[in-house]
Amino acid sequence: MCGIVGFIGAQEAAPILLDGLARLEYRGYDSAGIAIWSQEKGMEVVKAKGRLQVLSDMVDGGKALKGTVGLGHTRWATHGEPSDVNSHPQVSENGRFAVVHNGIIENYAEIREILQSKGVHFVSQTDTEVVAQLLEYYYRGDVMEALTKVLHRIEGAYALGILCADCPDRLIAARKDSPLILGYGDGFQMLASDVTAVIKYTREVCYLDDGEIAVLTRDGIEVLSHPYLLPVKKERHHVDWEISAAEKGGYEHFMFKEIMEQPKAFRDTISPRIQEGRVVLEDLHITAQQLREMDKLYIIACGSSYHVGMAAKYTLERLLHKSVEVTLASEFRYCEPIVTDKTMVLVISQSGETIDTLAALREAKRLGARVLSIVNVVGSTIARESHDVLYTWAGPEIAVATTKAYSTQLAVVYLVGLYFADLLGTIEKAEYDSIVAELTCIPDKIQTILDQKEQIQYFASIFFNHPSIFFIGRNIDYAVGMEGSLKLKEISYIHSEAYAAGELKHGTISLIEPGTLVVALASYGKLFEKLMSNVVEVKSRGADVLGVTTESRKETMAKTVDHVVAVPDTHPMLLPSLDVIPLQLFAYYVALMRGCDIDKPRNLAKSVTVE
Ligand code: AGP
C-alpha cells in the first residue's frame, strides 16, 4: 500500500528515486511522483497518474530533474481517485513542504475543515495533503517543532517522508503503524518502505519504530522519539540477500519466477530446522509446560496467509489434539475473542506489515496471549512485536499474488506441528519419523509438478474464457481450494468461489449449469469417495470437471471427471503443499491467456497497510 523512497547524498537523486520506486511498485501502482530540491530551481514536484513508466518518461528517466535530495512515491489510492493531483508528493500551499505518505490519516476531514476555515486552500482529495498544509500552518522557522505539533494532531497510520525547502540539507521521516526503513550509506542516506528499494546502494539498514522520527543528512541519520525529540539508539542490520532475488531474472513475470522458486524456497525453509531426523526450532522459546497449559490456539491472518491457517487448523488439531480456531485478522478485534494468559496465537503474514494482522496481534497481546508469528520479511513489524518469530526463507516475494510465501508458510506450520506434538507427546515416533522423512521429499515432488506445467497450460487454454469457476474439496482439500480460487480471481478477474464440497447442495449447486467449470480437489484419501459423490452431483447438472488428485487415484478419478491433474502421493498432512502448485499454475496461465497484468492486478497491492 504505497511505496516511499527518499535519498540525500552527492549523486543526482531522481534516477535513484525512480529505481527505488520501480522496486516498490508492487506496493501500489495507480500513480507516482517525485519531489527534488536544487539550488537553481528550489522545490520541483513531478507526478502523474498511471504506472511509474509514465512518470519516468516525463522526467527522461530522472535526467530532467537536477538535485541531490528528494522523495518519491508510488500510490495505491485510498482517499481520492488516482489522478495527477492526488498523487504524492503532496505540497503545502506555498510549496515549502513536500510530503509522501503511506497509511491513512483518519481525522483528515476535520483538520481539513479547520484549515479551510482559516483560509488554507486545498487542491487534492487526499488525506495526505492535510499533513503538508498542517506543517505549513504550524511552521515558525523550526521544522521539528512543526512536525511534533502535526504528529500530535493527526490520528491514524503513517509512514511519512518530508522535504522542506527551507532546510534542504535534510530529509525527515516519521512512522506510526506503517513500515519505514532507513538505509545508511557512505556520504548518502536513504529512507524507504522496504529494503528492496535501497539494497542496490546500501545493505546497512535499520527499522524505524512507531513514535520515532528520523533526520537524514548526507553525513548520517539521527533517530529521535516523539514528542520530546530524545535521541534513540538504533540497531543496524545487514541485509545479505542478493539484489537478483528481487529481479525477474529472465522470467516474464515475477509470479512465474516465484512459482518456479518454490522447491528451493521450501528446502531453504525446512533444511536448517531438520537435524538428524528431528525438528529443531532454536528460535522458539515455548516450553512443554506452556503448551500443556494452553487453553486455546488461535490462528490469525488475512488472505492467502489465512488459507494457510485453514490448512494449519486440520494439521495442528490432528497433531496436538487441541482445538484450533482460525480467525480473519480483520474480524478478530471485533469479535470479543476469548483470550487469557494461557492462550497462544499463531500469526501468519508474508509481509509482516498487514495492518489488520498487526492490530489483531496487538489486541491478542493486550489480552495476555503469547504470540508466535510466521513471517517472511525479516525485521518487519509483526516479527518484531511477536514473542516468538519463525521466518520463512522464501526470499523477497514481489508479485502481488503470493505463491512461494504460501508454500513456505505451510512448511513452517508442519515444523511447528511436529515440534509441538513432540513436546506434548501427542505423536508416535513412527508417525513423527515418517512425516519428517516425507517433508524432506516435498521440494522434489513440487519440482515434479512444475516439470509438467505444460499440461496445466493446456487446461488453462480450454477454460480461460469461463465466466465463473468453482473449487470444491473437503477437509484440507477445501483449504487448498480456497487458495486456488483466490489466486484465480485476483489475477484473472474471473469470478470464482471455493466451497466445502458437502455444502454445495445447501444452495450453491443452483449456480451449476451446463459448461460451468468445477475444479474438484480429491487428494485427501479418507474423503475421496465422499468427494467423488459431490463430483457426480455437479456432473449430472452439466458441469465440466477438472479433477486434482494423487497419482494413486488418478485413474479412478479419470473415469468420472473430464480432465485430471495428478500430484505425487505423500503423507496426507502434507498434501496442500503439492495440491496448490497446479492451482497456482492454472491461475497464472489463465491470466496470461486473458492478457491480464499478472504481477500488478487491478485494485490490489502487495502489502496491505491500511484497514
Ligand atoms: C494473496 O495472493 C494476496 N496478495 C493477499 O491475500 C495476502 O495473502 C494478504 O494480503 C495477507 O498478506 P500478508 O501475508 O503479507 O499478511
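For the structure, see preceding data.
Here is a short report on the structure shown in this document. The numbering scheme is per chain: residues are counted from 1 as the chain's sequence reads. Side-chain atom pairs in this predicted model are given and counted only at pLDDT of 80 or more, local residue features only at pLDDT of at least 70, and totals for whole chains, interfaces and linings cover all residues. Hydrogen atoms and water are omitted, and side-chain values are computed over all heavy atoms in the structure.

**Details of the pairing of strand E9 (residues 181-184)**
And step 1. Partly exposed residues are those whose accessible area sits between 20% and 50% of the maximum for their type, while under 20% is buried and over 50% is exposed, using a 1.4 Å probe and protein chains only. Secondary structure is summarised from DSSP: a helix means a run of H or I of at least four residues, a strand means a run of E of at least two, and numbering begins at the N terminus for each. Here E9 shows two buried faces, one formed by Ile181 and Gly183 and the other by Leu182 and Tyr184.
And step 2. For two strands to be treated as a pair, DSSP must find no fewer than two bridges joining them. Alignment of E9 against strand E10 (residues 189-192), held across 4 bridges, turns out to be antiparallel. Following the sheet pairing, Leu182 is matched in E10 by Leu191.

**Observations regarding the packing of helix H4 (residues 128-138) against helix H5 (residues 143-153)**
And step 1. Only the stretch in contact is used when fitting a helix axis, every axis being a line fitted to C-alpha atoms; angles between N-to-C directions are given from 0 to 180 degrees. Two numbers describe how H4 lies on H5: the axes approach to 8 Å, and their chain directions differ by 130°. Judged by the inter-axis angle, H4 sits oblique to H5. Every pair of crossing elements has a handedness; the one defined by H4 and H5 is right-handed. Across the interface between the two elements, Val131, Leu134, Leu135 and Tyr138 of H4 pack against Ala146, Leu147, Lys149, Val150 and Arg153 of H5.
And step 2. In the scheme used here, Gly and all other residues not listed as nonpolar or charged are polar, with Ala, Val, Leu, Ile, Met, Phe, Trp, Tyr, Cys and Pro taken as nonpolar and Asp, Glu, Lys and Arg as charged. Partitioned by chemical class, the residues of the contact of H4 with H5 number 7 nonpolar, no polar and 2 charged. Orientation categories follow fixed angle ranges, with anything under 35 degrees roughly parallel, anything over 145 roughly antiparallel, 65 to 115 roughly perpendicular, and all other angles oblique. In this scheme, a crossing is called left-handed if the near helix is turned counterclockwise away from the far one by less than a right angle; it is called right-handed if the turn is clockwise. The contact criterion used throughout is that any non-hydrogen atoms of two residues lie within 4.5 Å.

**A closer look at the packing of helix H16 (residues 453-463) against helix H20 (residues 575-593)**
And step 1. One can describe the packing of H16 onto H20 by two numbers: an axis separation of 8 Å at closest approach and a directional angle of 50°. Relative to H20, the element H16 lies oblique. In this structure, H16 meets H20 at a crossing whose hand is right-handed. Residues Lys453, Ile456, Gln457, Phe459, Ala460, Ser461 and Phe463 of H16 touch H20, and the partners they reach there are Pro582, Leu585, Phe586, Tyr589, Val590 and Met593.
And step 2. In terms of residue class, the contact of H16 with H20 is built from 10 nonpolar, 2 polar and 1 charged.

**Focus on the pattern of salt bridges**
And step 1. Throughout this description, the term salt bridge denotes a Lys or Arg side-chain nitrogen within 4 Å of a carboxyl oxygen of Asp or Glu. Tallying each qualifying case throughout the model produces 35 salt bridges.
And step 2. Residue Glu25 is joined to Lys600 by a salt bridge in which the shortest nitrogen-to-oxygen separation is 3.3 Å. Taken as a pair, Glu25 in the loop between helix H1 (13-24) and strand E2 (31-38) and Lys600 in the segment after H20 lie far apart in primary sequence, 575 residues in all.
And step 3. Note on Glu25: relative accessible area 8%, which makes it buried.
And step 4. Residue Asp209 pairs with Arg384 through a salt bridge whose shortest N-O separation is 2.3 Å. With Asp209 in the loop between strand E11 (204-207) and strand E12 (212-217) and Arg384 in helix H12 (residues 381-385), this pair connects stretches of sequence that are 175 residues apart.

**Looking at the side chain of Glu490**
And step 1. Secondary-structure assignment places Glu490 in helix H17 (residues 476-492).
And step 2. Counted as a polar contact is a pair of N or O atoms within 3.5 Å, where, for protein atoms, one must be capable of donating a hydrogen and the other of accepting one, and residues adjacent in sequence contribute only when both atoms are in side chains. Side chain to side chain, Glu490 and Lys487 meet in a polar contact 3.3 Å long.
And step 3. Setting aside anything within four residues of it in sequence, one finds Glu490 in contact with Val400, Ala401, Thr402, Pro601 and Leu604.

**Some points on the site of the ligand**
And step 1. The ligand sits among 15 residues. The nearest are Ser305, Ser349, Ser351, Thr354 and Glu490.
And step 2. Residue Ser351 places a side-chain N or O atom 2.7 Å away from an oxygen atom belonging to the ligand.
And step 3. In this structure, the ligand is accommodated by the second largest pocket.
And step 4. Mapped onto the shell around the ligand, the elements with two or more residues apiece are helix H9 (303-320) and H17.
And step 5. A per-class count over the shell around the ligand returns 5 nonpolar, 8 polar and 2 charged. If a single non-hydrogen atom of a residue is within 4 Å of a molecule or strand, that residue counts as near it. Method remark: on a 1 Å grid restricted to protein atoms, a set of points is classed as a cavity if a 1.4 Å probe fits but cannot get out and as a pocket if it is open with protein on both sides within 12 Å along at least five of seven lines; lining residues have an atom within 4 Å of a point. For a cavity or pocket, the test is whether more than half of a molecule's atoms lie within 2 Å of its grid points; if they do, the molecule sits there.

**Thoughts on the environment of Thr570**
And step 1. Among the structural elements, Thr570 can be located in the loop between strand E27 (563-567) and H20.
And step 2. Given the relative accessible area of 17%, Thr570 is considered buried.
And step 3. Those residues in contact with Thr570, other than ones at most four positions away along the chain, are Glu438, Ile442, Lys445, Leu575 and Leu578.
And step 4. At a separation of 2.7 Å, a polar atom in the side chain of Thr570 contacts the side chain of Glu438.

**Re the layout of surface pockets**
And step 1. For the largest pocket, the calculated volume is near 870 Å³.
And step 2. Lining the largest pocket are 42 residues, and of these Trp241, Asn376, Val377, Gly395 and Pro396 lie nearest its centre.
And step 3. Residue assignment for the lining of the largest pocket shows that the elements contributing at least two residues are strand E15 (237-238) and helix H7 (262-270).
And step 4. Residue contributions to the lining of the largest pocket peak at 3 residues, all from H7.
And step 5. Taken together, the residues of the lining of the largest pocket break down into 16 nonpolar, 13 polar and 13 charged.
And step 6. Grid points are joined across faces, edges and corners, and a volume is the space filled by probe spheres set on the points. In this model, the second largest pocket occupies a volume close to 590 Å³.

**Structural notes on the sheet that holds strand E6 (residues 97-105)**
Consider a sheet: its strands pair through backbone hydrogen bonds, and that pairing is either parallel or antiparallel.
And step 1. In space, the 7 strands of this open sheet follow the order E5-E6-E7-E8-E12-E13-E14, with antiparallel pairing throughout. On the outer flanks of this sheet lie strand E5 (90-91) and strand E14 (230-231), each paired with one strand and no other.
And step 2. Those strands touched by H4 are E5, E6 and strand E7 (156-164), and its axis lies near 135° from that of E6.
And step 3. Here H5 sits on the sheet in contact with E6, E7, strand E8 (171-176), E12 and strand E13 (220-225), set at roughly 150° to E12.

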